[in-house]
Amino acid sequence: MTARRRHGVLVLGGGVVGAAAARALARGDESRRPVDVVLVDAHPPGHRHGSSHGDGRIVRLTYPEAIYLDMARRSFAGWRALEAERDESLLVTTGTYECGPARSPVIAELAASLAVSGVPYRRLDTEASRRRFPQIELPLGAEAIYQPDGAVIHAERAVAALWRSADAAGARTHSDLRIEALEIEDDGVIARGTRRDGAAEVIHAERLVLATGAWTSGFAETLGLDLPLCVTREVVAYFPISPRTTNYGDDHHVGGMPAVIDYHEPHPFYVLPQIEVAGLKVGWHRTGPATDPDTDAVPDPDILRRITGFVADRLPYLDLHPVVTTTCLYTCTPDYHFVVDRHPRWPHVVLGTGFSGHGFKFAPVLGEMLADLVLDTIPRASDMNTTAPHDLFHLARFAHAELVPRRSA
C-alpha cells in the first residue's frame, strides 16, 4: 500500500464539473492562490459510464431564471478562455431554436427573460420558421424562439481539455483509481481505493470536493448525508440524414442548423445537429427509468419509439433508423436545481451534484464556485441571505422544499 503525501485538495470525480474544479484550484485566480490538488476518477476522461460523454451538449442563454442566464453568460466566456489556452476549438455557434404551442407559457417566459436581459432573439410563427429553418417541421398553431448566440460544445473533447489544463497547471490526475472508502477528520480527509491493476492506494488531503455524479448518494451516505437524488438512465439516439434527401441535407450539420428544444410535450425533446457521429442527436428529457449507475442497461425500447415518433413528426429529412442508440445517466434533485455547498458538519468538504440535464454548459462557472467554497473565499452557502446567488443551491433547502421553486423546463 502506497501512502501519498498530504495534498491541499482532493477532487473526487473527473466528469466535466470535477475536472473544471480541479483546473480552477490548480490555476488559481485573482482571489485564490493555486493549490496542490489531486483529481481522481475510476475511468479516463469522457468515459461512457457516467454523464459527461458523447459528442455534444447544448450551450444556451435561454433560461427564465436570471441566475442561470448569468451563469451561462460567464460559462461562454470560460469555454472560450479554455479554447484559447489549449488552442483547440470546443464551441460551435449554432443558435438555439425552442418551440412550443402558440401562447405557450414556457415560450412566453423565455422571451420575457431574454428581453429583460437584453439578449437578442427572434420570435417565429410557423410560416417564418419554415422559411428560416426548413429542416424543422413546426406544426401550425405553434411558435418558436431563435437565439443566435446558442452553441454546441464537443463534450468529450471539452472534458479532456479540462483534464489537460489541470495537468498543465500542476494538478496530479489519476484516471484509473476507484475510491472505495472516505474518512473525514476534523482537519483533513483520507481516501482509500484500488487502481485498475489491483494496487491499493491511499490519498491524504486537507480538503475534499465531491463531484461524483451518479455515485454521489453512496459517498454522501458515508459522510452522514441523506441526499434526495434520483439517478435515471436516459435514452439518446442518433438519426442520419435520409439518403433520399436532396434538399437541406448539408444544413443538418453543426453550423448549418440550430440546436432544438421542443416544448410541445411536458417533457421536452431536444436535437443537436450532426457533430461527430453520423447522425443528429435526439433525446427526450427526463423520461428515463430510475437506475443503479453500476448496472449496464439497454436503452428503453418504449422511450426509443417515442423519440422516433418525434423525429418523424418534426425532422422530415431524417431516416427513422438510428445509427447509434445509447444511454446517459442523469442525477437530479427533487426541484431540479443544483447542489453546490459545504458539508454542514465539515466545512472542508464541499459537494457539487444534481447537474444532470443542463449542467454541462455551466462547468467553467461551477468549477470556480466549488473552488471558492472549498478554499473559504466566499461565505458558507447556508449563511448567505436569500438574494445571494448560491442560496438556490444550498443543502438546507431540502428541509424546506416548499420555499424553492421547482424548475419546470
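Structure: see above.
If you're wondering where the values come from, they're calculated on a predicted model, not measured in any experiment.

**Comments concerning the overall build of the chain**
Thinking step 1. Helix and strand counts for the chain stand at eight helices and 19 strands.
Thinking step 2. Referenced to the eigenvectors of the C-alpha coordinate spread, the extents of the chain come out at roughly 65 × 50 × 40 Å.
Thinking step 3. By residue count, 58% of the 409 residues in the chain fall in the buried class.
Thinking step 4. Restricting to contacts in the chain with at least 6 residues of sequence separation, those with at least 24 account for 74%.
Thinking step 5. Only carbon and sulfur atoms are counted for the fraction: they give 51% of the accessible area of the chain, which is about 16,800 Å².
Thinking step 6. Positive and negative side-chain charges of the chain, numbering 42 and 52 respectively, have mean locations separated by a distance of 2 Å.

**A short note on the nonpolar core**
Thinking step 1. Membership of the largest hydrophobic core comes to 74 residues, with the highest contact counts inside it found for Met71 and Trp79.
Thinking step 2. When residues of this core are assigned to their parent elements, the largest contribution, nine residues, is made by helix α1 (residues 16-27).
Thinking step 3. Judged by nonpolar contacts, the second largest core, of 27 residues, contains Tyr146, Ile307, Val311 and Leu318.

**Some points on a negative patch on the surface**
Thinking step 1. On the surface, a cluster of negative charge is made up of Glu185, Asp186, Asp187 and Glu206.
Thinking step 2. Mapped onto the elements, Asp186 comes out in the loop between β10 (177-185) and β11 (188-195).
Thinking step 3. With a relative accessible area of 70%, Asp186 lands in the exposed category.

**Looking at helix α3 (residues 105-117)**
Thinking step 1. Helix length check: α3 (13 residues) gives 18 Å between terminal C-alpha atoms against 18 Å at 1.5 Å per residue, within 8%.
Thinking step 2. For α3, the secondary structure elements touched by its buried residues are α2 (66-86), β5 (96-101), β6 (122-125) and β7 (142-147).
Thinking step 3. Just downstream of α3, Gly118 is the residue with a positive phi angle, here 75°.

**Focus on the packing of aromatic side chains**
Thinking step 1. In the structure shown here, the tally under the stated rule is 13 aromatic pairs.
Thinking step 2. Plain terms: the ring middles of Tyr63 and Phe362 are 5.5 Å apart, the flat faces sit at 50° to each other, and that makes the pair tilted. Residue Tyr63 is found in the loop between β3 (57-59) and α2, and its partner Phe362 is found in the loop between β19 (349-353) and α8 (363-374); the two are separated by 299 residues along the sequence. Neither Tyr63 nor Phe362 differs from the other in exposure class; each is buried.

**A few points about the layout of surface pockets**
Vacant regions in the atomic arrangement are exposed by a probe of water-molecule size rolled over the atoms.
Thinking step 1. The volume enclosed by the second largest pocket comes to roughly 410 Å³.
Thinking step 2. Lining the second largest pocket we find 21 residues, and of these Arg74, Pro364, Val365, Glu368 and Met369 sit closest to its centre.
Thinking step 3. Only α1, α2 and α8 provide two or more residues apiece to the lining of the second largest pocket.
Thinking step 4. When residues of the lining of the second largest pocket are assigned to their parent elements, the largest contribution, six residues, is made by α2.
Thinking step 5. The class makeup of the residues in the lining of the second largest pocket is eleven nonpolar, three polar and seven charged.

**Focus: the sheet that holds strand β8 (residues 151-153)**
Sheets are built from strands paired through backbone hydrogen bonds, the pairs being either parallel or antiparallel.
Thinking step 1. Read from one edge of the open sheet, three strands run β3-β8-β4, paired in antiparallel fashion. In the strand order of this sheet, the two ends are held by β3 and β4 (91-93), each with one partner. Neighbour to neighbour, the strand axes of the sheet diverge by 30° on average, direction disregarded.
Thinking step 2. Of the strand pairs in this sheet, β4 and β8 are connected by three bridges, and their pairing is antiparallel. Within β8, the position partnered with Val92 by the bridge is Val152.
Thinking step 3. With respect to the sheet, α2 is in contact with β3, β4 and β8, its orientation differing from that of β4 by roughly 120°.

**Here we look at the packing of α1 against α8**
Thinking step 1. As a packed pair, α1 and α8 sit with axes 7 Å apart at the nearest point and diverge in direction by 55°. Taken together, the axes of α1 and α8 are oblique relative to one another. α8 is crossed by α1, and the crossing has right-handed handedness. Here Val16, Val17, Ala20, Ala21, Ala24 and Leu25 of α1 come into contact with α8, specifically with Ala363, Pro364, Leu366, Gly367, Glu368, Leu370, Ala371 and Val374.
Thinking step 2. Among the residues forming the contact of α1 with α8, the class breakdown is twelve nonpolar, one polar and one charged.

**Section: the packing of α2 against helix α5 (residues 155-168)**
Between two packed helices, both the angle of their axes relative to each other and the distance between the axes serve to describe the pair.
Thinking step 1. Between α2 and α5, the least distance of the axes is 11 Å, while the angle of their chain directions is 65°. In this structure, α2 meets α5 at a crossing whose hand is left-handed. Residues Trp79, Leu82, Glu85 and Arg86 of α2 form the contact with α5, whose participating residues are Ala158, Ala161, Leu162, Arg164, Ser165 and Ala168.

**Observations concerning the pattern of salt bridges**
Thinking step 1. Under the counting rule described, the total for this entry stands at 24 salt bridges.
Thinking step 2. Between Asp29 and Arg32 there is a salt bridge whose closest N-O contact spans 3.3 Å.
Thinking step 3. On the basis of relative accessibility, which here comes to 28%, the residue Asp29 falls in the partly exposed class.
Thinking step 4. Between Arg123 and Glu143 there is a salt bridge, with its nearest N and O atoms 3.0 Å apart.

**Side note on the environment of Ala77**
Thinking step 1. Take Ala77: it is sitting in helix α2.
Thinking step 2. Ala77 gets classed as partly exposed once you look at its relative accessible area, which sits at 48%.
Thinking step 3. Here the alpha-carbon distance between Ala77 and Glu201, two residues 124 residues apart in the chain, equals 37 Å.

**Observations concerning the sheet that holds strand β15 (residues 269-272)**
Thinking step 1. Across the sheet, which stays open at both edges, the eight strands sit in the order β6-β7-β5-β14-β15-β16-β13-β17 with mixed pairing between neighbours. Every interior strand has two partners, whereas the edge strands, β6 and β17 (324-332), have only one. Geometrically, the sheet is characterised by an average inter-axis angle of 20° between neighbouring strands, direction not taken into account.
Thinking step 2. As paired strands, β5 and β7 are joined by six bridges and run antiparallel to one another. Across the sheet, residue Thr96 finds its bridge partner in β7, namely Gln147.

What counts, and at which threshold
Residues numbered from 1 in each chain as written. Predicted model: local features only at pLDDT ≥ 70, side-chain atom pairs only at ≥ 80, totals over all residues. Heavy atoms only, no water. Helix = DSSP H or I, 4+ residues; strand = E, 2+ residues; numbered from the N terminus. Buried < 20%, exposed > 50% of the residue type's maximum accessible area, 1.4 Å probe, protein only. Contact = heavy atoms within 4.5 Å. Areas by Shrake-Rupley, 256 points an atom, 1.4 Å probe, with all protein chains shown as cover. Lys, Arg positive; Asp, Glu negative; His and termini not counted. Charge placed at Lys NZ, Arg CZ, Asp CG, Glu CD. Core = buried A, V, L, I, M, F, W, Y, C linked by side-chain atoms within 4.5 Å. Patch = residues over 30% accessible without salt bridge, like charges linked within 9 Å, V, L, I, M, F, W, Y side chains within 5 Å. Salt bridge = Lys/Arg side-chain N within 4 Å of Asp/Glu carboxyl O. Expected span 1.5 Å × (residues − 1). Phe/Tyr/Trp six-rings, centres within 6.5 Å; stacked < 30°, edge-to-face > 60°. 1 Å grid on protein atoms, 1.4 Å probe; cavity = no way out; pocket = protein on both sides within 12 Å on 5 of 7 lines; lining within 4 Å. Points joined across faces, edges and corners; volume = space filled by probe spheres on them. Nonpolar A, V, L, I, M, F, W, Y, C, P; charged D, E, K, R; others polar. Pairing = 2+ DSSP bridges. Axes fitted to C-alpha atoms, helices over the stretch in contact; angles between N-to-C directions. Parallel < 35°, antiparallel > 145°, perpendicular 65-115°, else oblique. Left-handed = near helix turned anticlockwise from the far one by under 90°.

None of the figures reported here should be taken as evidence of function without further support.
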